[in-house]
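Examining the three-dimensional arrangement
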Amino acid sequence: MAININETKSAEIKPSKSKSGKGKAAALGPPIIVAATKATSDPKGGWKRGVGIFDFVLRLAAIGAALAATATMGTTDQTLPFFTQFLQFQASYDDLPAFTYFVIANGVASAYLVLSLPFSIVCIVRPHVVGARLLLLILDTVMVALTTSGAAAAASIVYLAHNGNPNTNWNAICQQFNDFCQRVSGAVVASFITALIFVFLVVLSAVALRRN
């Protein structure tokens, strides 16, 4: 009979242990749920922070391309002496309105890119912010149009300088002004690279806002 009493005591003690275990589990329940919530939100913020860092790097590259296009075109001129120093032929970027517009457009783009860097840093520090990202998206779209129009206008003049137009009796001048044509051609290429980077920036901002 003593054995039976012990068995009943042990059977009675087991439920008390399980009750205390349930109490501890209930007490530890809320912190576990909070930790799980934080773990699910961190990857999203990390992904957007990576997008922000890539956006910042692209802006630095665009600054270099836009400044190169502006400086190259803005300092381009060539003079060809003939017979005497009083008879000269000169080609300069400001002789053509398309090249002047090109310099202005890429200069504005360069200034904008420098001013946009703090907003890009804000998007890295606070990846869930919407206002700064939306502002960059709108202004980047405007810069795509500005740089593309400037590069296209200059490219048409560069094409005529290389090939001329027999129908209008416009002769090609690049055989005489070789250095001038090489410099303006390089500036146009740099401007198209800037416009392409702006397109990537617009896509990045749109994707970041879409997944917000």
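Cut-offs applied
- Residues numbered from 1 in each chain as written.
- Predicted model: local features only at pLDDT ≥ 70, side-chain atom pairs only at ≥ 80, totals over all residues.
- Heavy atoms only, no water.
- UniProt positions renumbered as here; feature names shortened; annotations may be inferred.
- Axes fitted to C-alpha atoms, helices over the stretch in contact; angles between N-to-C directions.
- Helix = DSSP H or I, 4+ residues; strand = E, 2+ residues; numbered from the N terminus.
- Parallel < 35°, antiparallel > 145°, perpendicular 65-115°, else oblique.
- Left-handed = near helix turned anticlockwise from the far one by under 90°.
- Nonpolar A, V, L, I, M, F, W, Y, C, P; charged D, E, K, R; others polar.
- Contact = heavy atoms within 4.5 Å.
- Buried < 20%, exposed > 50% of the residue type's maximum accessible area, 1.4 Å probe, protein only.
- Polar contact = N/O pair within 3.5 Å; in protein donor to acceptor, adjacent residues only side chain to side chain.

Per an unreviewed UniProt entry, the protein chain is named CASP-like protein, and its organism is Daucus carota subsp. sativus. Looking at the Subcellular location (unreviewed entry) heading of the UniProt record, one finds this comment for the protein chain: "Cell membrane".

**Regarding the packing of helix α2 (residues 97-125) against helix α3 (residues 131-163)**
The interhelical angle for the contact between α2 and α3, taken along N-to-C directions, is 160 degrees, at an axis separation of 9 Å. Between α2 and α3, the angle is such that the two are roughly antiparallel. Helix-helix and strand crossings are classified by hand; for α2 and α3 the assignment is left-handed. A breakdown of the residues in the contact of α2 with α3 according to their chemical character gives 22 nonpolar, five polar and two charged.

**Details of the environment of A151**
Position of A151 relative to the elements: it lies in helix α3. Residues A151 and A195, spaced 44 residues apart in sequence, show a C-alpha to C-alpha distance of 8.5 Å. In contact with A151, other than residues within four places in its own chain, are F102, V188, S191 and F192.

**Re the side chain of T70**
By the secondary structure assignment, T70 is in helix α1 (residues 2-74). Taking relative accessible area as the criterion, T70 reaches 17% and is therefore assigned buried. A distance of 3.4 Å separates a polar atom in the side chain of T70 from the backbone oxygen of N106. For T70, the side chain forms a polar contact with the main-chain nitrogen of G107, separated by 3.4 Å. Beyond its immediate chain neighbours, meaning those up to four positions away, T70 contacts V103, N106, G107 and S110.

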